[in-house]
Amino acid sequence: SQQGEEDPQALSIQEGENATMNCSYKTSINNLQWYRQNSGRGLVHLILIRSNEREKHSGRLRVTLDTSKKSSSLLITASRAADTASYFCATGAARGSSNTGKLIFGQGTTLQVKP
Amino acid sequence: DTEVTQTPKHLVMGMTNKKSLKCEQHMGHRAMYWYKQKAKKPPELMFVYSYEKLSINESVPSRFSPECPNSSLLNLHLHALQPEDSALYLCASSQVVPPSNQPQHFGDGTRLSIL
């Protein structure tokens, strides 16, 4: 499969705890993006990290990228019940790749934050 | 509210019907996408339009026919669909086609059921 892997597949935590999701991919990338999808809704872009960046922050989100291991992680700090959703990583293929022009999505992590 | 608008939100059709899904964005984006998403799965790319021209067709069956009348509109014409085509159909847009470092903006999708 061209799609990356995410783990865990499902994560259940208490409000206030931190949530960490991991993503691995297979090909050379230009960037890696994280999206959130609430039940019955479309995907919402959260954060984009370029292949030459190692860490990026946005509010309560922290993303790391290790291109040597072809992996990324998304950390959500001080989680809230409203963070309950599915989270997908997506890789933008490097120029010249057979996947140029596409975003390749991981399988997703379902996060439940209990109040 | 999303900046990409999809209509209808729900569609039920028989296998002999012809219907169309519509997508509209007014962000000035020049790349538009159709994705198919099955329950608990990531979105699967179907088509990419760049500057109103079809640039990627992911070997989608001909019963799905995309159309991009202008830079703001994207249609997906459906004919003689099969029950396995039941899914959430998502439209997205971005400033330009990857591998530029641009996020995609998604609509909330059309939930399609084939009887």
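Residues numbered from 1 in each chain as written. Chains lettered and ligands numbered in written order. Predicted model: local features only at pLDDT ≥ 70, side-chain atom pairs only at ≥ 80, totals over all residues. Heavy atoms only, no water.

## Quick look at the overall build of chain A
A tally of helices and strands in chain A yields zero helices and 11 strands. When the helices and strands of chain A are placed in sequence order, the string is β-β-β-β-β-β-β-β-β-β-β. In terms of overall dimensions, chain A is globule-like: its C-alpha atoms have a radius of gyration of 14 Å, near the 13 Å expected for 115 residues. Projected onto the principal axes, the alpha-carbon positions of chain A cover approximately 45 × 30 × 20 Å. Scored against the burial criterion, the 115 residues of chain A give a buried share of 45%. Long-range contacts, defined as pairs at least 24 residues apart, comprise 56% of the intrachain contacts of chain A with a sequence gap of at least 6. Of the roughly 5,400 Å² that chain A leaves accessible, carbon and sulfur atoms contribute 43%. (Helix = DSSP H or I, 4+ residues; strand = E, 2+ residues; numbered from the N terminus. Rg over C-alpha atoms; globule rule 2.2 N^0.38 Å. Buried < 20%, exposed > 50% of the residue type's maximum accessible area, 1.4 Å probe, protein only. Contact = heavy atoms within 4.5 Å. Areas by Shrake-Rupley, 256 points an atom, 1.4 Å probe, with all protein chains shown as cover.)

## A few points about the pattern of salt bridges
Residues and elements named next belong to chain A. The tally for this structure, following the rule as stated, stands at seven salt bridges over all chains. Across the pair E53 and K56 runs a salt bridge, and its minimum N-O distance is 4.0 Å. E53 gets classed as partly exposed once you look at its relative accessible area, which sits at 24%. Close ionic contact of R62 with E55 constitutes a salt bridge, the shortest N to O distance being 3.1 Å. (Salt bridge = Lys/Arg side-chain N within 4 Å of Asp/Glu carboxyl O.)

## Structural notes on the sheet that holds strand 8 (residues 71-76) of chain A
All names here are of chain A. With respect to topology, five strands assemble into an open sheet ordered 1-3-8-7-6, the strand pairing being antiparallel. Edge positions in the open sheet fall to strand 1 (5-7) and strand 6 (55-58), since each of these has one partner strand only. Taking the axes of each pair of neighbouring strands and ignoring which way they run, one obtains an average angle of 15° across the sheet. Pairing analysis gives four bridges linking strand 6 to strand 7 (residues 61-66), with the strands arranged antiparallel. Bridging across to strand 7, K56 finds its partner in V63. (Pairing = 2+ DSSP bridges. Axes fitted to C-alpha atoms, helices over the stretch in contact; angles between N-to-C directions.)

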